[in-house]
Amino acid sequence: MLVNIMVGRFQTVTTAHADIFSSMKKEKNPSIIYIIEGNKSSKDKNTNPFTGLERKRLVEKFGMKVDIITSIVELEDVLFIQNLKPVKWFAGSDRASSYRKFKNSFSIFNDCEIIEIDRVNDVSASKIREAAIQNRFDDFKNMIPEPLLSDIPWIWNNIRSRNGNTTECTKE
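Quick caveat, the model's predicted, so the values are computed rather than measured.

Asks: Would you explain helix H6 (residues 125–133) in this entry?
Replies: The periodicity of an α-helix, 3.6 residues per turn, causes residues three or four places apart in sequence to face the same way. Taken together, the buried positions of H6 are occupied by Ala125, Ile128, Arg129, Ala131 and Ala132. In a view along the axis of H6, the buried residues occupy a sector of 160°, so they form one face of it. Once H6 ends, the next one or two residues include Asn135, with phi positive near 65°.

Listed below in structure tokens is the structure:
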């Protein structure tokens, strides 16, 4: 089956991710989001405050099919076993060049086009985490996509508590 894919850590989901999900939904082929949850990508709780299952729950709120993989290298095996042939790989501009190099190493990606999405308004998961840690609630909230607005206190508190701050969010 032909599919579109996106791969990432999603620590946490941003308005930029939401824009990419929206673009993927407009495509004729089904889309799958692959969340990386490997030892190497999960050790630092400052940059990885959410578990794979927590991130999966957030991404599913956008109506996306989600799978968790342990590393980018595992992606080829997962696609092969599931009899999936990626035709489009959606990626933010900060990741597209590394994914191009990766895809050239595996034949399953021979006909797969990298769809590079430019970063808008300098939104990133790193900036969301930074805003929460620095107690900049309005900046934080502006980067959280609409389907996750009800999760704002939980996202805020997770980021802050896993970075040693015990002050809980009281705003909505």
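After presenting the structure, the write-up continues.
Asks: Would you mind showing me how to read helix H3 (residues 52–60) here?
Replies: Within the span of H3, buried status applies to Gly52, Glu54, Arg55, Leu58 and Val59. Taken down its axis, H3 places every buried residue within 160° of arc, on the same side. Where H3 is buried, its residues meet helix H1 (15–25), strand E2 (31–36), strand E3 (65–69) and helix H8 (152–161).

Asks: Explain the pairing of E2 to me, please; I cannot follow it from the model alone.
Replies: One face of the sheet, then the other: side chains in a regular strand alternate in exactly this way. The buried fraction of E2 is high, at 6 of 6 residues. Burial of E2 is two-sided: the residues Ser31, Ile33 and Ile35 facing one way and the residues Ile32, Tyr34 and Ile36 facing the other way are all buried. Direction of pairing for strand E1 (residues 2–8) relative to E2: parallel, over a ladder of 5 bridges. What sits directly across from Met6, in E2, is Ile33. One crossover worth recording links E1 to the parallel E2 by way of H1, and it is right-handed.

Asks: Help me understand the pattern of salt bridges in this model?
Replies: Where side chains of opposite charge bring their charged atoms close, a pairing between them can arise. Per the counting criterion, the structure on display carries 12 salt bridges. Of the charged contacts in the structure, one is a salt bridge between Asp94 and Arg119, with a shortest N-O distance of 2.8 Å. With Asp94 in the loop between strand E4 (85–92) and helix H5 (96–103) and Arg119 in the loop between strand E5 (113–117) and H6, this residue pair connects regions lying 25 residues apart in the sequence. Owing to a relative accessible area of 39%, Asp94 belongs among the partly exposed residues under this scheme. Using a relative accessible area of 36% as the deciding quantity, one classes Arg119 as partly exposed. We note a salt bridge from Arg100 to Glu116, for which the minimum N-O separation is 3.1 Å. Residue Arg100 is located in helix H5, and its partner Glu116 is located in strand E5; the two are separated by 16 residues in the primary sequence. Arg100 sits in the partly exposed class, given a relative accessible area of 34%. Taken together, the shared-partner salt bridges connect Arg57, Lys61 and Asp151 into one network.

Asks: Explanation requested: the sheet that holds E1 in the structure shown.
Replies: Backbone-to-backbone hydrogen bonds join strands into a sheet, with any given pair of strands oriented parallel or antiparallel. Taken together, 5 strands build an open sheet; the order of strands is E3-E2-E1-E4-E5 and the sheet is parallel. For this open sheet the edge positions go to E3 and E5, each flanked by a neighbour on one side alone. Direction aside, the axes of adjacent strands within the sheet are offset by 30° on average. Where H1 meets the sheet, it contacts E1, E2, E4 and E5, and its direction lies at approximately 175° from that of E1.

Asks: Would you take a moment to explain the layout of surface pockets for this structure?
Replies: Which parts of space are left empty comes out when a probe the size of a water molecule is rolled across the atoms. Estimated volume of the largest pocket: approximately 660 Å³. Every element with two or more residues in the lining of the largest pocket is listed here: E1, H1, helix H2 (39–42), E4, H5 and H6. If you tally residues by element for the lining of the largest pocket, the top one is H1, at 4 residues.

Asks: Sorry, what's going on with the packing of aromatic side chains here?
Replies: A ring pair, where both rings are aromatic, is described by two values, the distance of the centres and the angle of the planes. Inspection of every chain in the model, using the stated rule, returns 12 aromatic pairs. Between Phe10 and Phe21 the ring centres are 6.1 Å apart and the planes differ by 40°, which places this aromatic pair in the tilted class. Placement of the pair is Phe10 in the loop between E1 and H1 and Phe21 in helix H1, with a sequence separation of 11 residues. Judged by relative accessible area, Phe21 falls into the buried class, the value being 1%. With a centroid separation of 5.4 Å and an interplanar angle of 45°, the aromatic rings of Phe50 and Trp154 are classed as tilted. You can see Phe50 sitting in the loop between H2 and H3 and its partner Trp154 sitting in helix H8, a full 104 residues away along the chain. A network of ring pairs unites the aromatic residues Trp89, Tyr99, Phe102, Phe106 and Phe109 as a single cluster.

Procedures and definitions
- Residues numbered from 1 in each chain as written.
- Predicted model: local features only at pLDDT ≥ 70, side-chain atom pairs only at ≥ 80, totals over all residues.
- Heavy atoms only, no water.
- Buried < 20%, exposed > 50% of the residue type's maximum accessible area, 1.4 Å probe, protein only.
- Helix = DSSP H or I, 4+ residues; strand = E, 2+ residues; numbered from the N terminus.
- Arc of directions from axis to C-beta.
- Contact = heavy atoms within 4.5 Å.
- Pairing = 2+ DSSP bridges.
- Right-handed = clockwise from strand over helix to strand, strands pointing away.
- Salt bridge = Lys/Arg side-chain N within 4 Å of Asp/Glu carboxyl O.
- Axes fitted to C-alpha atoms, helices over the stretch in contact; angles between N-to-C directions.
- 1 Å grid on protein atoms, 1.4 Å probe; cavity = no way out; pocket = protein on both sides within 12 Å on 5 of 7 lines; lining within 4 Å.
- Points joined across faces, edges and corners; volume = space filled by probe spheres on them.
- Phe/Tyr/Trp six-rings, centres within 6.5 Å; stacked < 30°, edge-to-face > 60°.

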